[in-house]
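Residue-level structure breakdown
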Amino acid sequence: MATTRNRTAKAAAEAREGDVGPAPNGAAGADLGLDAETLLRFYREMTLIRLFEEAAQRGFRQGKIGGYLHLYIGQEAVAVGFLHEYRTGDHVITAYRDHAHALLLGSTPREVMAELFGKGTGLVKGKGGSMHLFDVENGLYGGYGIVGGHIPLGVGMAYAQAYQQTGGVTQLYFGDGAIHNAAFHEAANLSGLWGRDGLNPCLFILENNQYGMGTSVERATAMTDLSAKFDSYAIEHEDVDGMDLFAVLECAKRTVARVRESGRPYAVEVQTYRLSPHGAADFLERYRSKDEIAEARKRDPINLLEARLLEADVADEATLTAIRDEVKAVVEDAVTFADESPEPPLEELATDVYADGAAS
Amino acid sequence: MPVMTYREALRSAMAEEMTRDESVVILGEDIGIYGGTHLVTDKLIDQFGPRRVIDTPIAEGGFTGAAIGMAMAGMRPIVEMMTWNFSFQAVDQIVQNAAKVRYFSGGQVTVPLVIRGPNGGGVQLSAQHTHSLENFYGHFPGLKVVSPVTPHDVKGMMIEAIRDPNPIIFLEAGALYGTKGEVPEGEFTVPFGKARVAREGTDVTLIAYGRQVNMLLKVADTLAADGVAAEVIDLRSIRPFDEQTIVESVRKTHRAVVVQEQWRWFSVGSEVAALIQEQAFDDLDAPVERVSGAEVPAPYARNLEVAAFPSEQQIVDAARRAMYRG
């Protein structure tokens, strides 16, 4: 299978133009046994992520958010689809584009936005910021800022789940930019090795948003079929259209179950597209054309979902507008909360360095 | 009291803790079937099986990172670095993840992890296989760094390390694996951050850690023949650091010599000297002397290697300078 495919988002968009897929009650949705309430929840979640990210971008431009800010705009269907399969006891670990994962796992918009604003009420008490969201109680183990560096951690967490016989799986998210890093290859090798003995229930979720910062997949590797790299480590894999929530949901349901039952790793390359700049400070985007982005917007995952919900009479415009308005209020409330929250107390500077409170 | 080698003391600490606590596992290169390059883990795989004594491919970044993930998920892994020289391959994992993840998670994550292996040189391994990394790892908040030199301490500090909820950099005196010493029966711990007065004296304080401590004890004999009573301090622990024992000793002797195998610039010895001038300036009768490795990559030829590391004569000379007897 390892043929080299043209992965430009433009080509993908051209191939799929006008294709919004089958209506949920006609095919995917019904096959997945999803009721209207669940479908509308997905719409709400995706809209929440989108509006949250847009608000964060405004906060960054107003100088209320410091450091780096990496937005998930365009990739919403990926986390929504896979985290729908999250069960208590599972672990989730990702890189720095992590706001959506936190929001979906149960962190409140208030505490996530407060973290971005550097406030003491933030998810990690103002100590990590955008790149380091953790909500361990809800399964989120970060939030990491070094490309590829968290991948070995995820593999080790999956080993622990098998060793402790918890029945849990690790959902390990990383971007296309990370797959060229030694950390990925060393970790994938261990995962395949340990998985042979049922000791690695790890689902690798490769979010191929087509660019590692500003370098496209084609400019980063001669072997652009990224998921085929898992063949080197005897980890089976497949691709999925990450702009189509129903495709992601179907894939997630099947692959998470497979990993959970087998204790073996599996990999999914999700073809997605970052509609926002790499970071909020990436204004120029010299590495891609406006045309390309415009093409990709035709398959904006939220628009695709909307079209299907309307087509299938799951909802009418008024229902969707009401959801958007409700979510907008939630996000506005989160911004207000973050804005008005106090900075972390200075005593927090030197806490959490050592687990036993030892002085550094 | 039973006598055992440094290697046996280390192994017994790990075996006892693995028996006591199922969450303790060991992973590293050739630690299982092969028995460990330095035989520290010899036969542990027979006792605990391959799920707990995990042979890894030669990929330090990968398996160190995986061990950090295991620790975050409730296990207590011990990573063997075949030698600390290979840990450069894993520095991103150790520094960027293990040391900091507790902090940037706002205290939500703990990393009870021990990374252990032989540190330092002296056996003609030349440039890439000879480093003393205590100052490097000691630089990073979030890590604890220890360097035991006796069989007693290596056992007590390994048990302490395994039970500690933080990532521990455990630097073994690789050249001393075969040395013997008394080790109490049963479990005991040696706390971190407490230096050991290896020999009491009143005239000059000699300070080191790791295998240089044994050299200082010989130097103290030489100085005694000259009528000089040297006090020898074994730091044991680089981070946390026992300031009190050093300062109290210098207040008594008024002179200090710091000895280290590593390079002088930005080193542990630099920190000790700075600490003494900060806290015991008025007690000093002479500048603090530093005896360090030569500022070159470690050479291969025996005579060159000997010249690259501190010698007993250099330390004696430094002590005499501090006594104004040079």
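The model shown is predicted, which means the values in this text are computed figures rather than measured ones. (Residues numbered from 1 in each chain as written. Chains lettered and ligands numbered in written order. Predicted model: local features only at pLDDT ≥ 70, side-chain atom pairs only at ≥ 80, totals over all residues. Heavy atoms only, no water.)

**Quick notes on the overall build of chain B**
This is how it is decided: Under the DSSP-based scheme used, a helix requires at least four consecutive residues in state H or I and a strand at least two consecutive residues in state E, with every element numbered from the N terminus. Throughout, the radius of gyration refers to the C-alpha atoms, and the reference size of a globule is 2.2 Å times the residue count to the power 0.38. Relative accessibility under 20% of the residue-type maximum defines a buried residue, over 50% an exposed one, and the middle range a partly exposed one, all with a 1.4 Å probe and only protein chains included. Note on contacts: a residue pair qualifies if any of its non-hydrogen atoms lie within 4.5 Å across the two residues.
Secondary structure summary: chain B contains twelve helices and 14 strands in total. Computed over the C-alpha atoms, the radius of gyration of chain B is 20 Å, within 12% of the 20 Å expected from 2.2 N^0.38 for a compact globule of 326 residues. Once the C-alpha set of chain B is aligned to its principal axes, its extents read approximately 60 × 45 × 40 Å. A burial count over chain B gives 60% of its 326 residues as buried. In chain B, of all internal contacts separated by at least 6 residues, the share reaching a separation of at least 24 is 81%.

**Digging into the overall build of chain A**
So the rule is basically this: Computed with a 1.4 Å probe, the accessible areas rest on the Shrake-Rupley method; for each residue, only the protein chains presented here act as cover. Working convention for charge: Lys and Arg count positive, Asp and Glu count negative, and His plus the chain ends are omitted. We put the charge of a Lys on NZ, of an Arg on CZ, of an Asp on CG and of a Glu on CD.
Along the backbone of chain A there are 13 helices and eight strands. For chain A, the C-alpha atoms occupy an extent of roughly 55 × 55 × 40 Å along the three principal directions. Residues classed as buried in chain A amount to 59% of the 360 residues present. Within chain A, residue pairs in contact and separated by at least 24 positions form 75% of the contacts whose partners lie at least 6 positions apart. Element-wise, carbon and sulfur atoms account for 51% of the exposed surface of chain A, whose accessible area totals about 13900 Å². Within chain A, one finds 34 positive and 54 negative side-chain charges whose respective centroids are separated by 4 Å.

**Some points on the nonpolar core**
Operational definition: Joining through side-chain atoms within 4.5 Å is the link that ties buried Ala, Val, Leu, Ile, Met, Phe, Trp, Tyr and Cys residues into a set, and such a set is a nonpolar core. Marked domain ranges trace back to an automatic or database domain assignment.
Ranked by internal contacts, the top residues of the largest apolar core, which has 84 residues, are Trp-194 and Phe-204 of chain A together with Met-72 of chain B. The biggest single contributor to this core is helix α7 (residues 151-163) of chain A, with nine residues. Counting contributing residues, this core receives three or more from each of domain 1 (3-182) and domain 2 (196-322) of chain B. Those residues in contact with Trp-194 of chain A that sit more than four places away from it in its chain are Val-155, Tyr-159, Leu-199 and Asn-200 of chain A together with Leu-27, Ile-54, Ala-66 and Met-70 of chain B. Within the second largest apolar cluster, 72 residues are counted, among which are Leu-116, Ile-205, Val-240 and Ala-338 of chain A.

**A short note on the UniProt feature "domain: Dehydrogenase E1 component" (unreviewed entry) in chain A**
Threshold: UniProt positions are given in the numbering used here, feature names are shortened, and annotations may be inferred rather than shown by experiment.
Under the feature "domain: Dehydrogenase E1 component" (unreviewed entry), the UniProt entry names residues 45-346 of chain A. Across residues 45-346 of chain A, helical content stands at 44% and strand content at 12%; the span's end C-alpha atoms are separated by 35 Å.

**A few points about the sheet that holds strand β3 (residues 170-175) of chain A**
Residues and elements named next belong to chain A. Short version of the rule: We call two strands paired when DSSP finds no fewer than two bridges between them. All axes here are fitted lines through C-alpha atoms, helices being fitted over the stretch that makes contact, and every angle between N-to-C directions spans 0 to 180 degrees.
Read from one edge to the other, the open sheet built from six strands follows the order β2-β1-β3-β4-β8-β7, with strand pairing classed as parallel. Two strands close off the open sheet at either side, each with one partner strand: β2 (140-143) and β7 (237-241). Sheet twist, expressed as the average angle between the axes of neighbouring strands with direction ignored, equals 15°. For β3 and strand β4 (residues 202-208), the ladder comprises six bridges, and the chain directions are parallel.

**Observations regarding the pattern of salt bridges**
For clarity, the threshold we go by: For this document, the term salt bridge refers to a Lys or Arg side-chain nitrogen within 4 Å of an Asp or Glu carboxyl oxygen.
Per the stated rule, a full pass over the model turns up 42 salt bridges over all chains. Asp-153 of chain B is the salt-bridge partner of Arg-196 of chain B, the closest N and O atoms lying 3.7 Å from each other. With Arg-196 of chain B in strand β9 (residues 196-199) and Asp-153 of chain B in helix α7 (residues 151-163), this pair connects stretches of sequence that are 43 residues apart. The partner of Asp-226 of chain B in a salt bridge is Arg-320 of chain B, and the shortest N-O contact between them spans 3.0 Å. Here Asp-226 of chain B is found in the loop between α8 (212-225) and β11 (230-234), whereas its partner Arg-320 of chain B is found in helix α12 (residues 312-322), with 94 residues between them in sequence. Residue Arg-320 of chain B is classed as partly exposed on the basis of its relative accessible area of 25%. Several salt bridges converge on common partners, so that one network encompasses Lys-125, Lys-127, Glu-348 and Asp-352 of chain A.

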